[in-house]
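Topology and contacts: notes
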Amino acid sequence: MERKLGIKLRKFNRICPISGEDSFAIKLDSPVVVLTDRGEEYGTVVMTNSKSYGKTASDVHLKKIIRKATAEDQKLADSLEHREEEASKIAMQKAKEFEIPIKVVGVESLFDTGKMAIYYRLVKENKIPDIKPLKKELSNIFKAEVTMRSVTPRDEAQLIGGLGPCGKALCCTTWLHKPKHITVKMVKDQGVQISPTKTSGVCGRLMCCFSYETTEKGCEGDC
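Described below are features of the structure shown in this document. (Residues numbered from 1 in each chain as written. Predicted model: local features only at pLDDT ≥ 70, side-chain atom pairs only at ≥ 80, totals over all residues. Heavy atoms only, no water.)

Some words on the sheet that holds strand β7 (residues 115-122)
The strands that make up a sheet pair up through hydrogen bonds in the backbone, lying either parallel or antiparallel. The 3 strands lie next to each other as β6-β7-β8, forming an open sheet whose pairing is mixed. Strands with a single pairing partner mark the edges of an open sheet, and in this sheet they are β6 (102-109) and β8 (145-150). If you compare each strand with its neighbour and ignore which way they point, the axes differ by 25° on average. Sheet topology note: the β7/β8 ladder contains 6 bridges and is parallel. Looking at the pairing, M116 lines up with V146 of β8. Packed onto the sheet, helix α3 (residues 132-142) meets β6, β7 and β8 and runs at close to 140° relative to β8. (Pairing = 2+ DSSP bridges. Helix = DSSP H or I, 4+ residues; strand = E, 2+ residues; numbered from the N terminus. Axes fitted to C-alpha atoms, helices over the stretch in contact; angles between N-to-C directions. Contact = heavy atoms within 4.5 Å.)

Have a look at this one:
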């Protein structure tokens, strides 16, 4: 049976499928350093067809496996979480100083530490702020190429993860790659009364599972 392996990247549960000779040269659960279209990243070899792992990455593409991670590589990867926590606090502080109405929902430092992605939500969705001064300031502080990415409430839930009302991991963080637009009519057609506590997900929007199957007890079937 052909092995279906992938690289689970360090942050946000992304998985990049791998194929060819590389898939036979590495072992399951091995920590590795890889090159993606974003730069050097740290990850772990996983089975891509396992529901216990996250979604297949659509915004990150694997170029090659550089090496099996060394002890020093693992130490650096472990230190990135603290760097990201500090960066998140500083980014929020600077956003307030620049009077830019955004909420920082996540920070991702790449393995080479020369690049950093900051994910944010607009506080006032009908007003798009000028974030260029903030981006320049953060680039100087972190000594890195900073990318600012605006996300929706659904994107935020997908990045951070959590449990749905059914008690299971969110569909958007496990198997549902492209959440569909859910309408009030779709919910009512299933005989469910609109209620923030019963029909809304952790993102505050109508739950994605109304697009395929739902009951008062929660999701059934694939979710």
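Okay, back to it.
Structural notes on the nonpolar core
Of all hydrophobic cores here, the largest spans 18 residues; its most connected members are I102, I118, L134, L138, F142 and M148. If you list the elements that add at least two residues to this core, you get α2 (71-97), β6, β7, α3 and β8. Sequence-distant contacts of L138, defined by excluding residues within four places in its chain, comprise I90, A91, K94, I118, V146 and M148. Within the second largest apolar cluster, 11 residues are counted, among which are L5, I7, C16 and V60. (Core = buried A, V, L, I, M, F, W, Y, C linked by side-chain atoms within 4.5 Å. Buried < 20%, exposed > 50% of the residue type's maximum accessible area, 1.4 Å probe, protein only.)

Quick notes on the environment of G106
As for its position among the elements, G106 is in strand β6. Judged by relative accessible area, G106 falls into the buried class, the value being 10%. Distance from G106 to Y119, taken between C-alpha atoms, is 5.1 Å for residues 13 residues apart in sequence. With residues near it in sequence (within four places) discarded, G106 still touches F12, A117, I118 and Y119.

As for α3
Where α3 is concerned, the buried positions are L134, L138, S139 and F142. Projected onto a plane normal to the axis of α3, the buried residues spread over an arc of 135° and lie on a single side. Residues K132 and K136 are exposed on α3 and point more than 90 degrees away from its buried face. The inward-facing, buried residues of α3 contact α2, β6, β7 and β8. Backbone geometry just after α3 places K143 at a positive phi near 55°. (Arc of directions from axis to C-beta.)

Examining the side chain of T199
Among the structural elements, T199 can be located in helix α7 (residues 196-199). Those residues in contact with T199 that lie beyond four places of it in its chain are V187, V192, Q193, I194, R205, L206, M207 and F210.

Digging into the side chain of T36
Within the secondary structure, T36 is located in strand β3 (residues 31-36). Residue classification places T36 among the buried positions, given a relative accessible area of 1%. Excluding its chain neighbours within four sequence positions, the residues that come into contact with T36 are E41, V60, H61, L62 and K63.

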